[in-house]
Amino acid sequence: DYRIAQWFVKKASMYQPLINDNHKWDKKTAIEVCKEAIKKFPESFGAAECKNLISSIESKAMNFNIEDVNENGKPFRALVTSANVNKIYFKVVKTSHLELRKIYRKDYGEKLYNKLNSLPTVKTFEQDITNDGDYQSHNMEIKMPELPYGYYMILSSLTPDFKYSNNLTAYAQCIVSDITTIERRKDEGTYDFYAYNRMTGDPLKNISVQVWHEKYN
């Protein structure tokens, strides 16, 4: 029965939600097969394998992506990818380019997340996620709140306290600006920089530019 359940899990990976519902419920079928096997032979090695497989199928997953730069004062979109999740909590924190450079150089993993989580909070909100019980991974576009000009980090969490431990978390950088730049390297090694309005494409005049150069050793 465990191998039959595995077969259904493998078939579930063939699910193509934008095309049809074929294999959509195969993971649910795999769980049903496992539960029946556990009921028949509760102390067997196969039952233990079935319990592990059920745990794997029921495990939660969550991530999100946004555009690197978004328009000032207008809502923007995020693409959420999740499995077995009903609600996600979001927190927008304020930062700067220089601050992020320092944080990324110094911290990683849990320390990095906790440092980002300690930055000044701008907004918090929550989003209900469609979960129809098929145990599949799904994509969902959601509306993010409008923000003024600046640098931000957006944190996501499955719990409202945004703690790192016993939780699923993610984060993404968000810049709100109406400026875009194009750079061109010349043959002699110098650069030309062009700045434009992101929305209209009009060139910007009389602006100042600060150039950063990093060298690693």
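Note: the structure precedes this text.
Structure report, in brief. (Residues numbered from 1 in each chain as written. Predicted model: local features only at pLDDT ≥ 70, side-chain atom pairs only at ≥ 80, totals over all residues. Heavy atoms only, no water.)

### Notes on the side chain of Ser 177
Here is the rule we go by: Labels follow the DSSP assignment, with helices taken as runs of H or I lasting at least four residues and strands as runs of E lasting at least two, numbered in each case from the N terminus. Polar contact is defined as a pair of N or O atoms within 3.5 Å, subject to the rule that within protein one atom must be able to donate a hydrogen and the other to accept it, and that residues adjacent in sequence are counted only when both atoms are side-chain atoms. The criterion used for residue contact is that any of the two residues' heavy atoms lie within 4.5 Å.
Considering the arrangement of structural elements, one finds Ser 177 in the loop between strand 8 (169–176) and strand 9 (179–185). In terms of polar contacts, Ser 177 uses its side chain to reach the backbone amide nitrogen of Ile 179, at 3.0 Å. Each residue touching Ser 177, except ones within four places of it in the same chain, is listed here: Val 69, Asn 70, Glu 71, Tyr 149 and Arg 198.

### Notes on the packing of helix 1 (residues 2–12) against helix 3 (residues 45–58)
To keep things clear, this is the line we draw: Every angle, taken between N-to-C directions, lies between 0 and 180 degrees, and every axis is a line fitted to C-alpha atoms, over only the stretch in contact when it is a helix. Under this scheme an angle from 65 to 115 degrees is roughly perpendicular, one under 35 degrees roughly parallel, and one over 145 degrees roughly antiparallel; angles in between are oblique. Crossing handedness is read from the near helix: turned anticlockwise from the far helix by less than a right angle, it gives a left-handed crossing, and turned clockwise, a right-handed one. Each residue receives one of three labels: charged for Asp, Glu, Lys and Arg, nonpolar for Ala, Val, Leu, Ile, Met, Phe, Trp, Tyr, Cys and Pro, and polar for the others, Gly being one of them.
The contact between helix 1 and helix 3 brings their axes to 9 Å, and the two run at 20°. In terms of orientation, helix 1 and helix 3 fall into the roughly parallel class. The hand of the helix 1/helix 3 crossing is left-handed. Contact residues: helix 1 offers Tyr 2, Ala 5, Gln 6 and Val 9, while helix 3 offers Gly 46, Glu 49, Cys 50, Leu 53 and Ile 57. For the contact of helix 1 with helix 3, a count of residues per class yields 6 nonpolar, 2 polar and 1 charged.

### Re the layout of surface pockets
The condition is simple: The method works on a 1 Å grid over the protein atoms by themselves. A cavity is a set of points holding a 1.4 Å probe that cannot get out, a pocket is an open set with protein on both sides within 12 Å along at least five of seven lines, and residues with an atom within 4 Å of a point line them. Grid points are joined across faces, edges and corners, and a volume is the space filled by probe spheres set on the points.
Its boundaries defined by the atoms lining it, the largest pocket holds a volume of some 670 Å³. Forming the walls of the largest pocket are 18 residues, and the residues nearest its centre are Tyr 151, Ile 179, Thr 181, Val 209 and Gln 210. Contributing elements (two or more residues each) for the lining of the largest pocket: helix 4 (97–106), strand 9 and strand 10 (191–197). Residues that form the lining of the largest pocket fall into these classes: 12 nonpolar, 6 polar and no charged.

Keep in mind these values describe shape, not function.
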